[in-house]
Protein chains: 2
Amino acid sequence: MKNYTVVKKKEGARIELHDKLSLTGAKISVNTLMAKTCVPFSYSHKENEEIYYVISGDGTFVIDNDKVEIKEGDFIKIAPRGKRQLFSNEKGITYICIQVRENSLNQYTAKDALI
Amino acid sequence: MKNYTVVKKKEGARIELHDKLSLTGAKISVNTLMAKTCVPFSYSHKENEEIYYVISGDGTFVIDNDKVEIKEGDFIKIAPRGKRQLFSNEKGITYICIQVRENSLNQYTAKDALI
């Protein structure tokens, strides 16, 4: 079996990569909120931290009692217990959402590499 | 302490997000290879799978005995044992690299959410 899996770019549609890429340490999706819409609920996580990367557009996260503006190129990490809801602004927003289990990484880069 | 951490876009420089975002389940970086350059060695990992997302440009991964072309918008996952080396093409390549521990994700999305 090959040691890699590829997913090519598709315009528009939501992309769920966990199964397509045979991921075992993360759940990754690409999502678009059209202009002036929102994820329809506020939620937290039991054990996963989330990291968002904004591909294009901008939006506002309501996290606990804060409003956090995010735009193209920004990253945001939200701890499992953060209560979150994402709203798009006038342009809509396309973003990558990464879920990983909190405290699951043991080592990385030089310590984990075999050169 | 706030339940979130933000990193705003910066042009050009390599961005290491593990410490900046207080990540505990992933190591994430944004990297650029200028035109016709490469990561200077081929390597595998002990326990981490890697996921790459191409922000712009294109390149060629040499993985084990295969050549895999990747370009803007593509995702690729490489299992820990895959021996990999990334080469840029004429345009250079800017990409996100995500390291997570193989088999570390227990549950996700609906099963892990608290609404």
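Residue positions are counted from 1 within each chain, in the order its sequence is given. Here the convention is simple: chains get letters from A, ligands get numbers from 1, in the order in which they are written. Per-residue local features of the predicted model are confined to residues with pLDDT of at least 70, and side-chain atom pairs are confined, for both listing and counting, to 80 or more; whole-chain, interface and lining totals are unaffected and use all residues. The basis for every side-chain value is the complete set of heavy atoms in the structure, and neither hydrogens nor water enter the calculation.

Is there a simple way to explain the relation of the copies chain B and chain A in this structure?
Both copies of the chain are related through a single rotation about an axis accompanied by a shift along the same axis. Superposition of chain B onto chain A requires a rotation of 180 degrees combined with a translation of 0.0 Å along the rotation axis, giving an RMSD of 0.0 Å. One copy is carried onto the other by what is essentially a two-fold rotation axis. When C-alpha positions in chain B are compared against the rotation axis, the closest is assigned to S104(B), at 3.0 Å. The copies were overlaid by least squares, fitting only the C-alpha atoms of residues that reach a pLDDT of 70 or more in each copy.

So what exactly am I meant to see when it comes to the environment of S22(B) here?
Under the DSSP-based scheme used, a helix requires at least four consecutive residues in state H or I and a strand at least two consecutive residues in state E, with every element numbered from the N terminus. Checked against the element boundaries, S22(B) lands in the loop between α1 (17–20) and β3 (27–33). Sequence separation between S22(B) and F87(B) is 65 residues; the distance between their C-alpha atoms is 30 Å. Any two residues having at least one pair of non-hydrogen atoms within 4.5 Å are treated as being in contact. Apart from residues lying up to four places away in sequence, S22(B) is in contact with K77(A), T5(B) and L17(B).

Even after reading the chapter, I still don't get the interface of chain B and chain A, so can you show me in this structure?
By a widely used convention, the size of an interface equals the accessible area lost when the partners come together. Across the contact, 68 residues belong to chain B and 68 residues belong to chain A. Here, a salt bridge means any side-chain nitrogen of Lys or Arg that lies within 4 Å of a carboxyl oxygen of Asp or Glu. Along the contact surface separating chain B from chain A lie four salt bridges. Between K8(B) and D74(A) there is a salt bridge whose closest N-O contact spans 2.8 Å. In the analysis that follows, any N or O atom pair within 3.5 Å is treated as a polar contact, provided that within protein one partner can donate a hydrogen and the other can accept it, and provided that, for residues neighboring in sequence, both atoms belong to side chains. One can count 54 residue pairs in polar contact (both at pLDDT 80 or more) joining chain B with chain A. When the residues that make up the side of chain B that touches chain A are grouped by side-chain class, the tally is 29 nonpolar, 18 polar and 21 charged. Each residue gets one label: Ala, Val, Leu, Ile, Met, Phe, Trp, Tyr, Cys and Pro are nonpolar, Asp, Glu, Lys and Arg are charged, and the others, such as Gly, are polar.

Whenever I open this one, the pattern of salt bridges confuses me. Can you help?
Once the charged atoms of two side chains with opposite charge are near each other, the side chains can pair. All names here are of chain A. Using the criterion set out here, one finds 16 salt bridges over all chains in the structure. Salt-bridge contacts for E102 lead to R81; the nearest nitrogen and oxygen are separated by 3.6 Å. Here R81 lies in the loop between β7 (75–78) and β8 (84–101) and E102 lies in the loop between β8 and β9 (113–114), a separation of 21 residues in the sequence. Ionic contacts of the salt-bridge type, sharing partners, join the residues R14, E16 and K27 into one network.

What is the right way to look at the pairing of β8(A) in this model?
Residues and elements named next belong to chain A. β8 sits mainly inside the fold: 14 of its 18 residues count as buried. Alignment of strand β3 (residues 27–33) against β8, held across seven bridges, turns out to be antiparallel. By the bridge assignment, N31 is partnered in β8 with Y95. In the sheet, strand β5 (residues 48–63) pairs with β8 via 14 bridges, with the strands oriented antiparallel. Within the sheet, the bridge partner assigned to V54 lies in β8 and is Y95. The rule is simple: take the accessible area with a 1.4 Å probe, protein chains only, and divide by the maximum for that residue type; under 20% is buried, over 50% is exposed, in between is partly exposed. DSSP-based pairing: two strands are paired if at least 2 bridges between them are found.

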